[in-house]
Amino acid sequence: MTAPLDLLDLDSSLSEEERQIRDVVRQLVDDRVRPHVADWYEDGRVPARELAREFGKLGLLGMHLTGYGCAGASAVAYGLACQELEASDSGVRSLVSVQGSLAMYAIWRYGSEEQKQRWLPSMATGEAIGCFGLTEPDHGSDPASMTTRARRDGDDWVLTGGKMWITNAPIADVAVIWARTDEGVRGFVVPMDTPGVTAREIRRKMSLRASVTGEIVLDDVRLPADARLPEAVGLKAPLSCLTEARYGIVWGAVGAARDCLETTLAYATTRTQFGRPLAGFQLTQAKLADMAVELVKGQLLALHLGRLADAHRLRPEQVSVGKLNNVREALGIARQCRTILGANGVSGEYPVLRHANNLESVLTYEGTSEIHQLIVGQRLTGLSAFA
Ligand code: TGC
Ligand code: FAD
């Protein structure tokens, strides 16, 4: 943390090891991502495979999981890594979240020993890329209504349906696909080269352009009996994976906000109007102060949730508190920073509007802010207001 923004000296709440992990990730991001990310974003192309291998070398993929080549790091260390990754770009953090917290976690938590041995080591190194197919064209916030079906045919399973807005789908080697069976929702490990599987890239995104997003079509995809995740029973299995990924977003969002604020502080102290730096105007300082307070509150919240996770006491609705607050506030910070940069605020030469545009996706995926309000509301009132 650069000194001026660490108003509460949160750095001192981190262990030496946590600070080291954070610094190593920050260095990697500075060397390998920051010099290129504005171009990736503008071009709508990202060298995701190359990045995955670099992240894999550093142990960032599935870093909070144990065994099978995973680093077994603490939840706080994983969160700090997410913060650094998203300080470069939300799409870069997404690559790591989807790989580690969604695809790998699903296999690690619910897979057979054979599935774990087959996929986790190569996913941890970034040699194999995974994706996680829950959302469908007609079922986003309400995955319980999914229509993708898996039916038995002898010993085999046959999958039919489609998944939409799936991060990494067009480049993935393997997908974790959630489908309805006669017994309820179940998960399947689907190699992307299985006959009947096609993935199409979704183009013209105005957000998360440094991330690959796609649609998956499943046309009578025949899978052997052992393709099913044996321990995944019901919707709570995919929802538990979401809790993992949402936790990473709680930290990631403050990384994006921090980058906006660091950029803006530097800009406001050097840009002069009316004969003085922008930072010298009271109205600018009020904006900077309010944003810095929200940033440090978001970091405190992330750290608190991380400590709860490391004590195995983190509950899903607590993650919703963090996702709701930190993404909403990060988006507010990004938009406010943009105003201080004036016309330069809309330029890709600065990261601020890129972060703001990315955060629009982050606000929507992994449960929209409305869904997280309803999760918190249900906890408060005991009443479900989803339907
Ligand atoms: P509901 O009846 O509430 O729950 C069904 C069962 O699941 C349990 N449960 C959870 N378990 C673990 N973690 C959670 N977060 C859980 N939420 C619920 C629940 O206790 C129950 O268990 P049991 O034993 O009683 O069966 O289910 P519902 O159908 O009413 O849905 C509730 C709702 C709306 C909160 C849920 O559907 C939801 O979260 N919707 C949002 C969907 C979503 O977030 N999709 C994300 C797709 S992945 C993605 O966006 C990746 S983005 C890329 C990136 O991360 O970078
Ligand atoms: P809808 O569910 O149609 O919601 C539209 C609006 O209605 C929202 O404002 C929502 O909050 C509101 N709404 C819905 N229900 C209610 C309610 N009960 N009460 C009040 N308001 C409500 N999904 C995956 O499975 N895997 C991925 O890897 C993945 N990656 C993604 C990457 C990107 C870039 C994006 C943008 C999305 C990705 N998603 C992924 C999909 C994402 O999870 C969904 O977009 C999200 O869950 C919302 O679903 P929806 O877009 O269908 O919106």
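Residues numbered from 1 in each chain as written. Chains lettered and ligands numbered in written order. Predicted model: local features only at pLDDT ≥ 70, side-chain atom pairs only at ≥ 80, totals over all residues. Heavy atoms only, no water.

Chemist: How would you sum up the overall build of the protein chain? Please name residues and give values.
Modeler: In terms of regular secondary structure, the protein chain is built from 11 helices and 11 strands. For 387 residues, the compact-globule estimate of 2.2 N^0.38 gives 21 Å, and the protein chain sits close to it at 21 Å. Along the first, second and third principal axes, the C-alpha atoms of the protein chain reach 80 × 45 × 40 Å. Taking contacts inside the protein chain between residues at least 6 apart in sequence as the whole, the part at least 24 apart equals 76%. Accessible surface, the protein chain as shown: approximately 16500 Å² in total, 52% of it carbon and sulfur. Charge separation in the protein chain, taken as the distance between the mean sites of 42 positive and 48 negative side-chain charges, equals 4 Å. (Helix = DSSP H or I, 4+ residues; strand = E, 2+ residues; numbered from the N terminus. Rg over C-alpha atoms; globule rule 2.2 N^0.38 Å. Contact = heavy atoms within 4.5 Å. Areas by Shrake-Rupley, 256 points an atom, 1.4 Å probe, with all protein chains shown as cover. Lys, Arg positive; Asp, Glu negative; His and termini not counted. Charge placed at Lys NZ, Arg CZ, Asp CG, Glu CD.)

Chemist: Give a detailed account of the environment of Arg22, specifying residues and quantitative values.
Modeler: Along the polypeptide, Arg22 turns up in helix H1 (residues 16-33). Arg22 sits in the buried class, given a relative accessible area of 6%. At 2.6 Å, the side chain of Arg22 and the side chain of Asp11 are in polar contact. (Buried < 20%, exposed > 50% of the residue type's maximum accessible area, 1.4 Å probe, protein only. Polar contact = N/O pair within 3.5 Å; in protein donor to acceptor, adjacent residues only side chain to side chain.)

Chemist: I'd love a proper account of the site of ligand 1, names of residues and values included.
Modeler: By nearness alone, 23 residues border ligand 1, and Ser94, Ser141, Thr243, Arg246 and Gly367 come closest of all. In this structure, Leu239 approaches ligand 1 through a main-chain N or O atom, which is 3.3 Å from a nitrogen atom. Between ligand 1 and Glu366 there is a distance of 2.9 Å, counted from an oxygen atom to a backbone nitrogen or oxygen. Burial of ligand 1 by the surrounding chains reaches 70%, relative to a free accessible area of 1100 Å². (Near = heavy atom within 4 Å.)

Chemist: With reference to specific residues and values, describe the site of ligand 2.
Modeler: Neighbouring ligand 2 are 17 residues; Thr135, Ser141, Trp165, Thr368 and Phe386 lie closest to it. Between ligand 2 and the protein, one listed contact pairs a nitrogen atom with a side-chain N or O atom of Thr167 at 2.9 Å. Here Glu370 contributes a side-chain N or O atom positioned 2.8 Å from an oxygen atom of ligand 2. Here ligand 2 has 980 Å² of accessible area as a free molecule, and 68% of this is covered by the chains. More than half of the atoms of ligand 2 fall within 2 Å of the grid points belonging to the largest pocket. Among the elements that line the shell around ligand 2, the one with the most residues is strand S5 (residues 156-167), at 3 residues. Residue composition of the shell around ligand 2, grouped by class: 8 nonpolar, 7 polar and 2 charged. A domain-level breakdown of the shell around ligand 2 finds at least three residues from each of domain 2 (130-227) and domain 3 (236-381). (1 Å grid on protein atoms, 1.4 Å probe; cavity = no way out; pocket = protein on both sides within 12 Å on 5 of 7 lines; lining within 4 Å. Sits in = over half its atoms within 2 Å of the grid points. Nonpolar A, V, L, I, M, F, W, Y, C, P; charged D, E, K, R; others polar. Domains from an automatic or database assignment.)

Chemist: I'd love a proper account of the domain arrangement of the protein chain, names of residues and values included.
Modeler: By the assigned domains, the protein chain splits into domain 1 (10-125), domain 2 (130-227) and domain 3 (236-381). Here domain 2 and domain 3 have C-alpha centroids that lie 30 Å from each other. Every contact between the two is made by 9 residues of domain 2 and, on the other side, 11 residues of domain 3. Carbon and sulfur atoms supply 73% of the area that domain 2 and domain 3 bury against each other, a total of about 760 Å² over both sides. (Buried area = accessible area lost by both parts, 1.4 Å probe.)

Chemist: Could you give an account of a nonpolar patch on the surface, naming the residues involved and the relevant values?
Modeler: Taken together, the side chains of Leu7, Leu8, Val293 and Leu300 present a nonpolar region at the surface, about 340 Å² in accessible area. Following the sequence through the fold, Val293 ends up in helix H8 (residues 282-310). (Patch = residues over 30% accessible without salt bridge, like charges linked within 9 Å, V, L, I, M, F, W, Y side chains within 5 Å. Salt bridge = Lys/Arg side-chain N within 4 Å of Asp/Glu carboxyl O.)

Chemist: A description of the packing of aromatic side chains should follow, citing residues and the corresponding values.
Modeler: Taken as a whole and judged by the stated rule, the model has 4 aromatic pairs. Seen in terms of ring centroids, Trp157 and Phe188 are 5.2 Å apart; in terms of plane orientation they differ by 70°. Their pairing is edge-to-face. In this pair, Trp157 is assigned in strand S5 and Phe188 in strand S7 (residues 184-191), connecting sequence segments 31 residues apart. Residue classification places Phe188 among the buried positions, given a relative accessible area of 0%. Sitting over the face of the ring of Trp119, Arg118 holds its NZ or CZ atom 3.8 Å from the ring centroid. (Phe/Tyr/Trp six-rings, centres within 6.5 Å; stacked < 30°, edge-to-face > 60°. Lys NZ or Arg CZ within 6 Å of the ring centre and 35° of its normal.)

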